[in-house]
Number of protein chains: 2
Amino acid sequence: MSLDPLSNTLFALADPTRRAILARLARGEATVNELAAPFEMSLPAVSKHLKVLERAKLISRSRNAQWRPCRLEPAPLKTLDGWLGDYRLLWEHRLDRLEDYLATLQIERDTKEERND
Amino acid sequence: MSLDPLSNTLFALADPTRRAILARLARGEATVNELAAPFEMSLPAVSKHLKVLERAKLISRSRNAQWRPCRLEPAPLKTLDGWLGDYRLLWEHRLDRLEDYLATLQIERDTKEERND
DNA sequence: CGGTTAATTAACTTGATGGCTAAATATAGG
DNA sequence: CCTATATTTAGCCATCAAGTTAATTAACCG
């Protein structure tokens, strides 16, 4: 079981079924049966996936009679986006901030023959 | 073993040790021993983490004498950023692009078994 | 050659994941 | 009350994840 929220988010997203469920929920609330319909797996299996998503706070659930509509909660995705932002300049060519980084990398590469630690 | 590249990326990132390794590599190449130093776990454990990162193509490795310097490869992070971008307007209030957004999500839902590794 | 350092592989343990079927719970409605 | 529908829980199983220690490979150096 993951400890920190970011690990929890990433783990929950690291499954195509769960990402497909999120994609469906991005269009609006849906019940468990509606969410399970596109998949070949059993309903309890989908229920488990939903529990993983709920644990990661990527979805929330309300109650309406015997239905438990699920709703997408974007907060963890926003957090993930923030984490990714720290690395974004690695692939964006933003020279203002990238130059120092690349220079450091180049130095590392050039001094590889002198490495002795 | 994950099937599609995005699941592979997310799974590799869903571990604090592996994310810490990436954070270290963002500052430049490093050997396995250098990467293992901050952690209390054994060297083989770190080696396994590196293999996971390598399988996800988040790092690449070269050879220099008995050292195997690791290097961060940002491509999968960029892909993840692209995937996340489909959801970005859920927390940014940009409903003007909602149609494109929904279309993209529909594509994501349909591509259940992508494997273009 | 022999020894040291770097890193991986092998073998094993522990616990979690992801799937199933069958049973249980909750609610609506006749 | 009884039944149908929606969903979860309970067992069960196979596989995998993440760590360990011990052994192995690979390369340098005196």
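Above this text sits the structure in question.
Residues numbered from 1 in each chain as written. Chains lettered and ligands numbered in written order. Predicted model: local features only at pLDDT ≥ 70, side-chain atom pairs only at ≥ 80, totals over all residues. Heavy atoms only, no water.

> Sorry, what's going on with the protein's contact with DNA strand C here?
In the region of DNA strand C, 26 residues are neighbours, and Ser42(A), Lys48(A), His49(A), Ser47(B) and Arg61(B) sit closest. Sugar and phosphate atoms represent 75% of those atoms of DNA strand C found within 4 Å of the protein. At a separation of 2.7 Å, a phosphate oxygen of DNA strand C approaches a polar side-chain atom of Asn33(B). Contact between DNA strand C and Arg61(B): a phosphate oxygen at 2.6 Å from a side-chain N or O atom of the residue. Going through the elements one at a time, α4 (43-55) of chain A together with α3 (32-36) and α4 (43-55) of chain B are the ones with two or more residues in the surface near DNA strand C. When the residues that make up the surface near DNA strand C are grouped by side-chain class, the tally is 10 nonpolar, seven polar and nine charged. (Near = heavy atom within 4 Å. Polar contact = N/O pair within 3.5 Å; in protein donor to acceptor, adjacent residues only side chain to side chain. Helix = DSSP H or I, 4+ residues; strand = E, 2+ residues; numbered from the N terminus. Nonpolar A, V, L, I, M, F, W, Y, C, P; charged D, E, K, R; others polar.)

> Just checking my understanding: could you explain the relation of the copies chain A and chain B for this structure?
There are two copies of the chain, and a rotation about an axis plus a shift along that axis relates them. Aligned on chain B, chain A shows an RMSD of 0.1 Å; the corresponding rotation is 180° and the shift along the axis is 0.0 Å. The two molecules are tied by a two-fold rotation axis, judged by turn and shift. Here 89% of the interface residues in chain A have copies in chain B that are interface residues too; the copies meet face to matching face. (Least-squares fit on C-alpha atoms with pLDDT ≥ 70 in both. Contact = heavy atoms within 4.5 Å.)

> It is not clear to me how the interface of chain A and chain B should be interpreted in this structure. Could you clarify?
Accessible area lost when the parts come together is the quantity often used to give the size of an interface. Each side of the interface is counted separately: chain A has 35 residues, and chain B has 41 residues. Summing the contributions of chain A and of chain B, the shared interface buries around 3600 Å²; its carbon and sulfur component is 65%. The tally of links between chain A and chain B comes to four salt bridges. Between Asp4(B) and Arg19(A) there is a salt bridge, with the nearest N and O atoms lying 2.7 Å from each other. Linking chain A with chain B are eight residue pairs in polar contact (both at pLDDT 80 or more), by the criterion used here. Ranked by the residues each element gives to the side of chain A that touches chain B, the list is headed by helix α5 (residues 75-85) of chain A, at six residues. Each residue belonging to the side of chain A that touches chain B can be placed in one class, and the counts come to 21 nonpolar, two polar and 12 charged. (Buried area = accessible area lost by both parts, 1.4 Å probe. Salt bridge = Lys/Arg side-chain N within 4 Å of Asp/Glu carboxyl O.)

> I tried to follow helix α5 (residues 75-85) of chain B on my own but got confused; where do I start?
All names here are of chain B. Buried residues of α5: Pro-76, Leu-77, Leu-80, Asp-81, Trp-83 and Leu-84, and no others. Within α5, the buried residues cover an arc of 160° as seen down the axis, which keeps them to one side. Turned more than 90 degrees away from the buried face of α5 sit Ala-75 and Thr-79, all of them exposed. (Buried < 20%, exposed > 50% of the residue type's maximum accessible area, 1.4 Å probe, protein only. Arc of directions from axis to C-beta.)

> Can you help me understand the nonpolar core in this one?
Within soluble globular proteins, side chains that are nonpolar generally end up buried alongside one another. Within the largest apolar cluster, 60 residues are counted, with the highest numbers of intra-cluster contacts made by Leu50(A), Leu77(A), Tyr87(A), Leu50(B), Leu77(B) and Tyr87(B). At five residues, the largest contribution of residues to this core is made by helix α2 (residues 16-25) of chain A. What Tyr87(A) contacts, discounting residues up to four positions off in sequence, is Arg19(B), Leu22(B), Ala23(B), Ala26(B), Leu72(B) and Leu77(B). (Core = buried A, V, L, I, M, F, W, Y, C linked by side-chain atoms within 4.5 Å.)

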